[in-house]
Structure formats: C-alpha cells, structure tokens
Amino acid sequence: MAEQQNGPADEGGWGGGVPPVDAERPQPLHEREAELRSAEEALDRLCRRFAAGGTEIGELLVYTAPGGGGKTSVLDQVRRLAGLRPGCTVLSGRGGQRQTTEPFHVLRQLLLPVLGTLDKEDLAEVFGAWYGIVGPAIGLVPPSDEVERLDPQGVQDGLDYLLSQLAPRRAPLVMVVDDLHWADQESLGWLASFAARTRHLPVLLVFAYRDEYADEARVLQQQIEAQATRRHELRPLNPASVAKLVRAALGEDAEDAFCRQVWAVTAGNPYDTTALLREVHDQCLDPVEANSPQLRDLAAAAKGMTLQHWLAKLGPSTLRFAWAAALLGTDIKQSFAASISAQGTAEADESVRQLRKHRILTSTPSGRLEFVHPLIATSIYQSMPAGTRTGMHGMAATIIENNGGSLLEASRHLLETHPEGDDRMVRKLRAAAAEHLAIGAPEAAQRCLARALSEPPDDDDRAEVLYEAGCAALLTDPGATVNQLKLALSLDPGLSPELRVDAAFRLSEALAHSGEVVEAAEVCRREAEITEPGPGKLRLQALHFMWVAWQRDEEDGQGRSRKLNELASTLTGDTVPERVVRAMCAWDLTLRGESVTKAIELADRALENGRLPKEMGWTNTIWGFELPGLIGLTYAYTDQLARAEKLFSDAVLGFEMSGWSGAHKGFGYFLMGITRFRRGFLVEAEDYLRQGLRISERIAPDIPLQWDVVGVLADTLLARGRSDEAWQLAQKYHFAPPYHPTAMVLPDAPTLYGKLLLARGEHAAAVKVFEEVGEQLTRRGWHNTVWAPWVGHLALALYPTEPDRARVLAARAVALAEDFGSASAIGTALRMQAGLWEGHRAVELLEQAVRWLSQSPASYELACALVDLGAALRKAGQLTDAAEYLYQGMELAQTCGADGLVDRARAELASSVLRPNRLRTLSKEGLSAPEWDVARLAVRGIPPQRIAEQLDLPLSLVQRRLAAVHRKAGSGPEGLAEALGLSDAELSEDGPGRGGDQPGE
C-alpha cells in the first residue's frame, strides 16, 4: 500500500496560506509548470520502467531557490502527484535549522514510517545482518550496551543494504527531502552517496534546497548536483503572477500600479509577497496607487518580524509557545512545547489556535505541529531574547529526558546552553557523546565533549573528558585525536594508570595511521618507562617494538630485534600481553628470515587453541587490528596460507558484523589479497585488492592503506601478465619514491617499484632501486627473500651487463632462502637463479625449484617454475619432458589466472606442435582419491621415496601428487594436517590409502 506524507504549505500566498496540500485537490502554482512537468515525466518513467522490469531506472531531481522561492510548494505537488500513482510509496523528510546537529534526523523522518509497518520477518529480510548497526542510527532500536563505537562508514553501508532491500519491496519508491541544506551531516552524507546508486534501484529522489550549505558540506552538495538528472532553479515571479496574488488576496479591484509596486518591493519572491499582502490586509490598506509608498516600509516590517512585531501580533503567552515550538524545530509535540513555555493544556490549545489563525503553525499528517514556513520559524527563534533562548533550551533538554526521550535528542539543546561549571551538565554531555558513538555519529559526540570541556569539568575529570574526546575523533579526525590525547597525558591531575596506558596506545595508533610512526614509537617508549610493571607496561613495550618495526628508516633494527627477543625470553605465561610479544617475535623472525619453524611455533603460541584470544580479536580496541594482522602475515610468509586465510576471512567477517566498513575492512581485504596472491589465486587477489582500494579512496587520499593496496595490486597485475596496467596504476597513485613513511612494512614497497621498472625494461633504474633497498634492509637485518625478494631481482636486473656479479647475488639469495627454510622461499630463489644460466645448469636448478615449490602452496610460483623448466628442456632438445612440464605449467597458470604465463607456455608448446590439456580444480575439495592417499602418508612424516614404495608408484608421480596436495590445501608440510582437517586417528592409521591411479596422472 502506498504511503504518503504531505508537509505544510509553503510560500504562503501560493494557495492563499492554506493548510497542507490536499492530495485530491491540486493547489495553483504560478510559473512552475515546467518544473512540475519535469517531475511528472520522471514519475512516468519510473513507473513505466519498473513495470517493464527495467534495471537502471532511478533518477534524482533537484530544485533550488533562495528562501521563500517556492521549493516546498513544488515538493508538496510532487508528493501529491506521486501519492496518486497506484502502488507508489512516498517517503518524506525535511531538514531543520535547529536540528542540524541531531544525527540522522532527516533519515529517521524518511525511514521510520515505512519500517514501522513491516512485520518481524520482513524486517529481518530488509536489514539482514545490519539490524544492530542501522537500527539504532534511525531510531528503530536503542543502541547496544556492548558497542563502544560504530564506524560511520559501516552505518552508511548498512543503510545502502537496507534501501537495496526495501526499494524493490515498496517500489516504485519516491523519496522527497526538503530544505536539504539544513540536513544533519549524517543524513546528508548518506543521501549524497546514495544518489550515485539510485539509478540501479526503482527510486526517484527529489531534493530541494537553498544554496546555503555549510562550508564542510559543499563537497556533498557538489556530489548531489553531479548525480542529478535535472536541476531546476526556481526563478522569482513576474509582475503578472504577483498581480494575480495581490488580487486573490485583496480583491479584484487592486490597481495595476499598486500590484506593480508589490512586485518591485518583494522582487517577485513568493514568500515575501505573501507576507507583505498579509501586512496590507492586517493594516486595512486599500490596494490603490496612492498607498503604494507605504508598501516598502510594510515589506521591511513583514520581512524583519522583530520581537515587537511578534509581540504585537500574538501577545506574550502565544509568543512564548511559538518560541518553544521554534526551538523544537520540526515535527513538534504540542505537549513538549506547552511544558517548555509553562502552559497548561487549555492555554496551549489557545496558543495553537492563535498560531493557526495567523498562519504560523499547521498540523502534519502525524498530528504533530509544524511551521507553515521555515522563514517564520527562523524569525520567531531570532526574536527570542538571548537569556530566554538559553533558558528554554535547558528546559527543553530536561523535558525531553523526563518524558522518556534520549540524550541523543536532548543533546542538541544542551549544546545551546551557557557554560556554568555544572558537573551534572558535564556528565549528561559525556553520556550523550557515548550514545552518539554507539549509533555511528562521532562528529556529534565530539560536539558534546567539546561543550563539556567548555563547561568546564572539574580538574579531576578534565583529563578524562579530553581522553574521551580524543577517542571519539579517532575514526574521523586523527589530528584532533592527537591534540586532545597529548593534552590529556600532560595534565596534572591526570588520567588513571589504566586510562593513561590506553590513551598512549590510541595516540600512537592515530600517529602511526597518519604516517608518523617515529613519534608513535616514541610515545609508547616514553610512557612504558614511567608505567609500573604489569600488563599495561608490557602492552606499551610491545607496541613500541611494532611501531619501530614499521619505520622506514630504523636506526638500530638488529638492536631492536635483540631487545624484543630478550623481552620474550623472560615471559613464561600465557597472558594476552605475553602472547602479543610472541606475535611480535614471530613477525620479527619472519622479516629477518632466520627460522621458519621457530616463527610458526611463536605464532602458534600467540594463539589460544589455534584461535585469537578474545582480547586480541580483530574488533577489540585494546590492542588494535595490527597485532592479529602480524600473526596472519607470519603465516602468509611461512607457507601457512590456509591458516592465514582463516584469520583474515575472520577479520573481514568481524569487521562487517561490527559495522567497521572503513579502514578496518579495507585492511582486511588487503590482507586477503596478499594471501590469495601468495597462494596464486590471482583473480581473487585482484578482486580483494580492488575492493580495498575503493574503500581507501572514499576515506582519504594518500593514506597508508592505499599505498599498500596499490603495491600488491600492481604486483598481482604483473603476475597476470598486465605490466602496462600495473605501471599505469602505480603512476595514478604516485607509487614511486619518495616512499610513504610506512612503505617498508606491508609489503616492501621499494622492491615492488623495482619490479615494475624491471618489467618495463628499465634495468639501470631498477638496479638503483634494488641496491638502495638492499642496503637499507641489510642494515636492519631483514633478509626474508619472500617478503622482500630484492636480491634475486637485483641479480636479474644486473645480468645483462654484469653476469658474474648477478650470479653471485643469485646464489646469495638461495642461501638466504635456505636459512629461512620455507619451501616457497627456496623454490623461488632457485627459479630466479636458473634465469641466469643456460643448458644443463639451468635445467638442474629448475628441477630443484620445482621439487621445492611442489611442497608449498605457492601455485603461481610453481607454475612459473614448471614453464621455465619446460622451456629450458625444450632448448636442450628434450621435447618429450619439456612438453610434460609445459602442460602442467600452463594448466596451473590457467587456474591461477596468470594469462601472460599461459601465453608463454602456449608459445613454447606451439614449438612442439602440442595442444593444452584440461583444467583441474585448485582447492582441497578437489583432491582426488590418489592425492588423498599420498597426503595421509605425507602428514605422518613419511618421505616421498617411502611413499612411492608403499604405494608402488614411481617417485616422480608421488612428487607430482604431493605438489597438487600442497597447492590445493594451501599449506606447506608444517601445517598440512590441519589444512586438510585430518584427525589424530587418521594420522595414526598404517598402510597405504584406498585409491589407485587416476587417468591422466
């Protein structure tokens, strides 16, 4: 059933100052035929295309005019026209000058009436998993006590989902928003972003506003106008239309000269014209030319509407009720206005009657009160004496609370009161800020806390209020967070020991995410020194080590590693801080490339029964998401990719369920992209990384997340054979020296930039990049050839001009990989070394590379090695063996999405006049029965030679099956049993498996 909400008549004399528009009786509008015809045509298109099953059918119409220019009258007619369409649902909202600081005010007007008509089943379908995130924001349910803060981007994403589900159910849907320039920031931000997606939904948006946006909202205004199908600027009325209004109000005998003077003094503004005609009527002035000179003074009085004007017109009692209504804004409860103005029921009824009589207030369809025109509300509000205004705002806040309203609604009135050093006011404002954070409105929380600081709070509480203000700004204004937390840490009396530790952590987090990792580390070091021994001190020490490791130019990296390990050696328990230190040590070992086994062991000990402890969870704000990220990255670079994927998929899910759709979710996509890239699932890696890039773009330009995503995405495009696209991406996002301050961490940006240069054939420039990064990383003691494979790439870049030096470097890369010990590291280093040799030596190195990579989940690297080996064997004249490896390599490259490698293998095969074979599934579910037989023996530690003997198979076939097992399971030998989900009972079984050979193996 269609739902219709009609607002009050606007621009007075358009219909003679009548009550709200009657849906069945159109009101006369002057000179607006084209604008209304545009709306009718848009409605026709919407209904017609929806009935035809169209997809891109939504539109946005915009109407602009100065105050009193006729916007609301046009929107009233649009609502009427839409309401007459069978099945059309009309949602209506309006910005309010007094309610710009009330979060989601406009969205609540739009959505609550229609959502309130849905039953539980429909609500569940419409909201999906977003009920607990969006419901509190739009006032459907109270905020959860368990939520500390919601990410504003998460709330916007939830609203997107809600409308994507609601629109088809109530289609065709018309959303009408008047006075958009006075919309609260939260509603305006979502409406601006939603406007870009309207065309994909059966929705017609109709917005009206003055060009009076606040400076911070100008960008949103531009976004809206860029998406508008039509933008109508309502022009002033011409003299003939004004004459019609004059004669309709004052009689047909009004003289032409008088009518023309009315037009002259009002400049054709509809509202000013109507207001002037009311003054003329009230003054009993005849509409004749002789009285024309008086019109300018009357117009000035009607437009100014001072306290004296309103007092003379309404009397003190009615005016006081009007003041109360003006500060309440829109959708006014008569009982609230009566309480604020200290009037009983009978007196309030009389006030309302008088205000209706003077065409100041009217009723809405919901039975509430509303001003006939917002200019009237503004005039009455501004006529209030300053002291009266402040006192009535205070009364309004108290009355709202006493009548069961929330601090969310009352807080805008609290903001209008004067500071008096009232501790009770400080407590209310702090509580209101907490509620704002719980619905995803951090800017509103910051306003409340800023007002609390100006009260001011007691000296004992000032540092704590500053801490809360800093935390409130963490997601939206890191600069404010830094300033407020620094001040909170400097005060005496200051924060409690627990809050001081947390303030230092959040300060360091804000600094690091802004690229100030050196200062972030120094904050933690300084605070750790003055913190008493215990979990808090250990927390700061661990964070200090992490931020130092993130620095691009660390002075004593090896010394830091030594101190970190010394700290870890003193820890014997399993408390969360101790687990955190182990996680840091695991990542440090990974970067140093010392021992893959030790790194995995430490990462395992950082977990609790294979899972993140609750206190270290992705959405836990005590430690932040970086630390679990380091555990997952340790797994990703030690060939435990299935475990890394599990952690990172939990991260994305956790962020989505908590409504954290900003940098947190983008970071989760980035981590998933790294893992899928490492595993060789290049198509999926590209998809995750592009999602992360989109999130980074809507947050802010040139943030660390964007830099990290662009680097790995460019690397993925290189692997897919799209080197030109990779270079263009790097150029677009300035992925080049000078590197971002955190560019040495996730992952090694200079090495990736060198790879881009190498792919373009710029060997000399690549050599310079690799040598510089090599010197820097060697000084820090970071030798991991998987995370930063600069040595092997430097060898490849040098080979055309310095082959001897290149071969020495390649051998060094192999030695470093062997020191680390992961199969992918050794296999990749051997493959790159083979690129510097010809003939038998190249074949020998590639055969070793294939054997190592067959034990790893790095399927793209294995595909490269197989194709390289096939090409080397073809050159050596061993065509039969060459074809076998080229077949395997091409098949695996196709599965990975490495199109460039497929083309290369195809070209090599063409030389042997051979055709490619079929594709196979690359996941553990795709393991064949013979592969399971080999896997069950391998996880029990049985070497390939003995497996071949037990199964009576050739060793080469066993090795091929083992390679498939590692690829599909996403794990090297260390975590293979867990990746395959094998139980202890299955691991203890003796004897061979159940299956025989598969065709084609």
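Residues numbered from 1 in each chain as written. Predicted model: local features only at pLDDT ≥ 70, side-chain atom pairs only at ≥ 80, totals over all residues. Heavy atoms only, no water.

Enquirer: Any chance you could break down helix 44 (residues 899–911) for me, citing the residues and the numbers?
Expert: Taking 1.5 Å of rise per residue, the 13 residues of helix 44 would be expected to cover 18 Å, and the 19 Å separating its terminal C-alpha atoms lies within 8% of that figure. Where helix 44 is buried, its residues meet helix 42 (859–875) and helix 43 (879–896). (Helix = DSSP H or I, 4+ residues; strand = E, 2+ residues; numbered from the N terminus. Expected span 1.5 Å × (residues − 1). Contact = heavy atoms within 4.5 Å.)

Enquirer: Report on the nonpolar core, specifying residues and quantitative values.
Expert: Core analysis: the biggest nonpolar cluster contains 226 residues, and Phe-371 and Ile-631 have the highest contact counts within it. Grouped together as the second largest cluster of nonpolar side chains are 51 residues, Leu-110, Trp-130, Ala-192 and Ala-444 included. (Core = buried A, V, L, I, M, F, W, Y, C linked by side-chain atoms within 4.5 Å. Buried < 20%, exposed > 50% of the residue type's maximum accessible area, 1.4 Å probe, protein only.)

Enquirer: An account of the packing of helix 37 (residues 763–780) against helix 38 (residues 790–798) is requested, with residue identities and associated values reported.
Expert: As a packed pair, helix 37 and helix 38 sit with axes 9 Å apart at the nearest point and diverge in direction by 150 degrees. Classified by the interaxial angle, the pair formed by helix 37 and helix 38 is roughly antiparallel. As helix 37 packs across helix 38, the resulting crossing turns out to be left-handed. Within the contact between the two elements, helix 37 uses His-763, Ala-766, Val-767, Phe-770, Glu-771, Val-773, Gly-774, Leu-777 and Thr-778 and helix 38 uses Trp-790, His-793, Leu-794, Leu-796, Ala-797 and Leu-798. For the contact of helix 37 with helix 38, the residue count by class is ten nonpolar, four polar and one charged. (Axes fitted to C-alpha atoms, helices over the stretch in contact; angles between N-to-C directions. Parallel < 35°, antiparallel > 145°, perpendicular 65-115°, else oblique. Left-handed = near helix turned anticlockwise from the far one by under 90°. Nonpolar A, V, L, I, M, F, W, Y, C, P; charged D, E, K, R; others polar.)

Enquirer: Describe the confidence of the model for the protein chain, with residues and values.
Expert: Parts of the model with low pLDDT should not have their predicted coordinates read in detail. Mean pLDDT over the protein chain: 87, with 93% of residues reaching 70 or higher. Within the model, pLDDT remains below 50 along residues 1–27, and this stretch shows 96 contacts once partners closer than five positions in the same chain are excluded. (pLDDT = per-residue confidence, 0-100.)

Enquirer: Let's hear about the packing of helix 43 against helix 44: which residues, and what values?
Expert: With their axes 9 Å apart at the nearest point, helix 43 and helix 44 run at an angle of 155 degrees to one another. Here helix 44 runs roughly antiparallel to helix 43, going by the angle between their axes. Crossing handedness for the pair helix 43 and helix 44: left-handed. Together, Ala-883, Leu-886, Tyr-887, Met-890, Ala-893 and Gln-894 of helix 43 and Leu-901, Val-902, Ala-905, Arg-906, Glu-908 and Leu-909 of helix 44 make up the contact between the two elements. Considered class by class, the residues forming the contact of helix 43 with helix 44 number nine nonpolar, one polar and two charged.

Enquirer: Outline the packing of aromatic side chains, supporting the account with residue identities and numerical values.
Expert: Ring pairs (aromatic) are described by centroid distance and by the angle formed between their planes. Considering all chains together, one arrives at 14 aromatic pairs under this definition. Aromatic side chains Trp-618 and Phe-648 sit 6.2 Å apart centroid to centroid with 65 degrees between the ring planes, which places their arrangement in the edge-to-face category. Linking Trp-618 in the loop between helix 29 (596–606) and helix 30 (626–636) with Phe-648 in helix 31 (residues 641–657), this pair joins segments that are 30 residues apart in sequence. Here Trp-618 falls in the buried class, since its relative accessible area comes to 6%. Relative accessible area serves as the criterion here: at 0%, Phe-648 is assigned to the buried category. Ring plane angle 15 degrees and centroid distance 6.1 Å describe the contact between Phe-655 and Trp-660, whose orientation is recorded as stacked. Across the pair, Trp-660 and Phe-655 agree in class, each one buried. Counting every residue linked through ring pairs, the aromatic cluster contains Trp-618, Phe-625, Phe-648, Phe-655, Trp-660, Phe-667 and Phe-670. The ring of Tyr-381 is capped by Arg-98, whose NZ or CZ atom sits 3.7 Å from the centre of that ring. The positively charged end of Arg-539 is found above the aromatic ring belonging to Trp-623, 5.7 Å away from the centroid. (Phe/Tyr/Trp six-rings, centres within 6.5 Å; stacked < 30°, edge-to-face > 60°. Lys NZ or Arg CZ within 6 Å of the ring centre and 35° of its normal.)

Enquirer: Outline the pattern of salt bridges, supporting the account with residue identities and numerical values.
Expert: Scanning all chains against the criterion turns up 57 salt bridges. Across the salt bridge formed by Glu-762 and Arg-760, the nearest N and O atoms sit 3.1 Å from each other. Put simply, Arg-831 and Glu-861 hold a salt bridge, and the shortest N to O gap is 3.3 Å. Of this pair, Arg-831 sits in helix 40 (residues 823–834) while Glu-861 sits in helix 42, placing them 30 residues apart in sequence. Its relative accessible area of 17% is what places Arg-831 among the buried residues. Exposure remark for Glu-861: the relative accessible area of 17% places this residue in the buried category. One salt-bridge network, in which partners are shared between bridges, spans Glu-686, Arg-690, Arg-720, Arg-722, Glu-725 and Asp-899. (Salt bridge = Lys/Arg side-chain N within 4 Å of Asp/Glu carboxyl O.)

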